[in-house]
Amino acid sequence: MPDSQPQPPRPPSSSPGPGETSSLLLCGARLTDGRTVDVRLGGGRIEAVGTAGSLGGTRACGARVDLRGYLLLPAPAEPHAHADTALSADTEGPVSHEPQDVQRRATEAALLQLGHGATALRAHVRVGDVQGLGALAAVLQARRALRGLAELTTVAMPRVLTGVAGADGLAVLRDAVKMGASVVGGRPDLDPDPTGYVEAVLEVASEHGCPVDLHTDAGDPARLARLAAMAGGLRPGVTLSPCGDLGRLPSEVAARTADQLAAAGVAVVCLPQGGCCGVDRRGTAPVRLLRAAGVRVAAGSGALRDVSNPVGRGDPLEAAFLLASRHGLSPEEAYEAVSSSARAVLGLPEVRVEAGFPAELLAVRGDRLAGALSLAYSRVVVHRGRVVARTSAVREYCSSSASVELGLPRQGRGQVS
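Nothing here was measured: the structure is a model prediction, and the numbers come from that model.

Draft legend 1. A look at the overall build of the protein chain. When you go through the protein chain residue by residue, the secondary structure sums to 13 helices and 17 strands. The burial tally for the protein chain puts 51% of its 417 residues in the buried class. Of the contacts made within the protein chain by residues no fewer than 6 positions apart, 72% connect residues no fewer than 24 positions apart.

Draft legend 2. The packing of helix H4 (residues 163-179) against helix H5 (residues 194-208), seen in detail. For the pair H4 and H5, the least separation of the axes is 11 Å and the interaxial angle reads 30°. Relative to H5, the element H4 is oriented roughly parallel. As H4 packs across H5, the resulting crossing turns out to be right-handed. In this structure, H4 contributes Leu170, Leu173, Arg174 and Val177 to the contact, and H5 contributes Ala200, Glu203, Val204, Glu207 and His208. Its residues placed into classes, the contact of H4 with H5 shows five nonpolar, one polar and three charged.

Draft legend 3. Spatial organisation of the nonpolar core. Ranked by internal contacts, the top residues of the largest apolar core, which has 83 residues, are Val212, Val238, Leu240 and Leu290. Core analysis: the next-biggest nonpolar cluster, separate from the first, contains 19 residues, Leu24, Ala359, Ala363 and Val380 among them.

Draft legend 4. How the structure looks around the packing of H5 against helix H6 (residues 221-231). Interhelical geometry of H5 versus H6 gives an angle of 20° and a closest axis separation of 11 Å. Judged on the interaxial angle alone, H6 and H5 are roughly parallel. Note on packing geometry: the crossing formed by H5 with H6 is right-handed. Where H5 abuts H6, its residues Pro194, Thr195, Val198, Glu199 and Leu202 lie against Arg223, Arg226, Leu227, Met230 and Ala231.

Draft legend 5. Fine view of unusual backbone geometry. A cis amide bond links Ser241 with the next residue in sequence, Pro242, at an omega value of -5°. Positionally, Pro242 belongs in strand E12 (residues 238-242). In the Ramachandran plot, Ala218 falls in the positive-phi region, its phi being about 65° despite a non-glycine side chain. Among the structural elements, Ala218 can be located in the loop between strand E11 (212-216) and H6. Here Arg384, not a glycine, exhibits a phi torsion of approximately 55°, which is positive. Residue placement: Arg384 occurs in the loop between strand E16 (379-383) and strand E17 (386-394).

Draft legend 6. Just empty space enclosed by the protein, in detail. Taken as a whole and judged by the stated rule, the model has two cavities of 30 Å³ or more. In this structure, the second largest cavity spans a volume of roughly 70 Å³. As for the second largest cavity, its lining consists of Pro188, Asp189, Pro194, Thr195, Val198, Thr216, Arg223, Leu224, Arg226, Leu227 and Met230. Secondary structure elements with two or more residues in the lining of the second largest cavity: H5 and H6. With five residues, the top contributor of residues to the lining of the second largest cavity is H6. Among the residues forming the lining of the second largest cavity, the class breakdown is six nonpolar, two polar and three charged.

Draft legend 7. Looking closely at the environment of Asp84. Note that Asp84 resides in the loop between strand E7 (78-81) and helix H2 (99-116). Considered as a pair, Asp84 and Arg126 are 42 residues apart in the sequence and their alpha carbons are 7.7 Å apart. Leaving out residues up to four positions away in the same chain, Asp84 has contacts with Val102, Arg105, His124, Val125, Arg126, Ala135 and Val139.

Draft legend 8. The arrangement of H4 in detail. For H4, with 17 residues, the first-to-last C-alpha span of 24 Å sits near the 24 Å given by 1.5 Å per residue. Residues of H4 that are buried include every one of Gly166, Gly169, Leu170, Val172, Leu173, Ala176 and Val177, and no others. Among the residues trailing H4, Gly180 stands out with phi positive, at a value near 145°.

Draft legend 9. Region of the structure containing the sheet that holds strand E8 (residues 120-127). A sheet is described by the order of its strands in space; here eight strands give the open sequence E7-E8-E9-E10-E11-E12-E13-E14, paired in parallel fashion. Looking at which strands have only one partner, the edges of the open sheet turn out to be E7 and strand E14 (297-299). This sheet shows a mean twist of 25° between the axes of neighbouring strands, independent of strand direction. As judged from the five bridges shared by E11 and E12, these two strands associate in the parallel manner. The partner of His215 across the bridge, within E12, is Ser241.

Draft legend 10. Geometry of the pattern of salt bridges. With the rule as written, the count across this model stands at 14 salt bridges. With a shortest N-O distance of 2.7 Å, Glu207 and Arg174 are connected by a salt bridge. Of the two residues, Glu207 is situated in helix H5 and Arg174 in helix H4; the sequence distance between them amounts to 33 residues. When its relative accessible area of 22% is taken as the criterion, Arg174 is described as partly exposed. The salt bridge partner of Arg352 is Glu354, with a shortest N-O separation of 3.9 Å. A relative accessible area of 38% places Glu354 in the partly exposed class. A single salt-bridge network, built from bridges that share partners, covers Arg174, Glu203 and Glu207.

Draft legend 11. Inspection of H6 at higher detail. Residues Leu224, Leu227, Ala228 and Ala231 constitute the buried set of H6. Projected down its long axis, H6 shows its buried positions confined to an angular sector of 100°, all on one face. Buried positions along H6 lie against H5, E11, E12 and helix H7 (251-264). The opening residue of H6, the one whose side-chain oxygen lies 3.1 Å from the backbone nitrogen of Ala222, is Asp220. Remark: Gly233 follows H6 within two positions and exhibits a positive phi of approximately 85°.

Reading the values: the criteria
Residues numbered from 1 in each chain as written. Predicted model: local features only at pLDDT ≥ 70, side-chain atom pairs only at ≥ 80, totals over all residues. Heavy atoms only, no water. Helix = DSSP H or I, 4+ residues; strand = E, 2+ residues; numbered from the N terminus. Buried < 20%, exposed > 50% of the residue type's maximum accessible area, 1.4 Å probe, protein only. Contact = heavy atoms within 4.5 Å. Axes fitted to C-alpha atoms, helices over the stretch in contact; angles between N-to-C directions. Parallel < 35°, antiparallel > 145°, perpendicular 65-115°, else oblique. Left-handed = near helix turned anticlockwise from the far one by under 90°. Nonpolar A, V, L, I, M, F, W, Y, C, P; charged D, E, K, R; others polar. Core = buried A, V, L, I, M, F, W, Y, C linked by side-chain atoms within 4.5 Å. 1 Å grid on protein atoms, 1.4 Å probe; cavity = no way out; pocket = protein on both sides within 12 Å on 5 of 7 lines; lining within 4 Å. Points joined across faces, edges and corners; volume = space filled by probe spheres on them. Expected span 1.5 Å × (residues − 1). Pairing = 2+ DSSP bridges. Salt bridge = Lys/Arg side-chain N within 4 Å of Asp/Glu carboxyl O. Arc of directions from axis to C-beta. Polar contact = N/O pair within 3.5 Å; in protein donor to acceptor, adjacent residues only side chain to side chain.

Have a look at this one:
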């Protein structure tokens with residue numbers, strides 16, 4: 001097994017200027033079209049892409065990174081994380097919602113996912129009830145601590161928004177947006193009046209110009225049709241996840257529902273690695289059906305080692321691997337779901353390995369995308385034009401005639417009997 005240890009990145013510059021304006025040259029990287037190129041970064045963007053060895057003399061570079069043997073890709077994004085409960089699976093007793101504990105878990109989880117390649121993350125955070133706004137304040141503090149390393153945005157998730165109890169939830173939701181939550185969301189399926197819940201969320205989103213991101217199993221086509229009708233035309237847009245029950249509906253009903261979501265411009269984030277928040281983990285949204293209907297489909301990680309998925313890894317490349325190996329997408333389509341589509345769901349600009357685009361990049365050991373999704377152990381992550389995380393993996397074999405004959409790397413320390 002490869003011994004893979006993420007290396008902590010250097011602390012970001014206290015001023016964004018030096019961190020973003022210094023030039024960086026990525027040397028000898030392979031692109032998905034087969035070209036081997038040098039890529040010069042500066043000012044947080046890609047300045048130039050040229051054949052290998054062609055950019056070294058055109059401008060003095062502050063630093064060089066040798067990417068020979070690596071495939072260079074647009075960096076993935078994480079559209080569905082749960083920062084307030086991440087890394088709590090091993091906790092004895094109830095999960096602590098003390099601000100310092102939430103901030104520590106949220107920061108560590110974001111760094112783990114950054115090491116996997118996600119330079120932008122959307123974290124769903126519960127507000128109201130026992131937590132009040134404390135968990136949200138803690139995640140916002142983690143966001144500030146991560147500035148320069150990764151972009152972390154938050155979704156406020158109230159439990160109930162209708163009836164007598166819902167009045168408090170609605171007030172908390174508005175306070176959460178004022179505090180800094182940039183997206184409004186929640187789980188309408190848990191409210192006594194799911195349609196009323198959605199109406200309340202859309203009203204708050206319209207008041208503040210916020211996107212909407214809702215949890216739903218998507219098992220009730222009539223409810224989804226009403227949601228699509230209400231959400232149609234809302235900008236910046238509406239996202240649903242994980243929608244696992246949509247694939248259990250009769251095919252003609254699922255197809256009609258997908259058409260309705262597409263017509264309303266509603267995006268879907270599927271969770272191929274498992275569910276979250278106690279949502280049934282047995283199914284994944286029917287990605288091929290949704291894509292065929294014209295729905296924007298992204299893929300997220302969901303639970304990261306919490307009670308919903310104690311072994312969740314939070315790795316976007318694993319999500320892409322599962323989409324390709326189990327759900328019929330090509331490697332290119334699968335990677336699009338965790339990169340360009342995920343960034344679009346988050347409202348972020350497109351990334352291509354071309355001059356003028358944001359310098360949000362991931363280099364993985366390998367020369368083909370399919371191989372990278374299968375064995376992507378070594379990774380170099382670039383955010384705003386600088387390397388912010390690096391993971392190196394080394395595989396060695398014990399001394400044997402086979403290893404000598406094939407020229408395999410031998411163990412550097414000791415012998416294995």
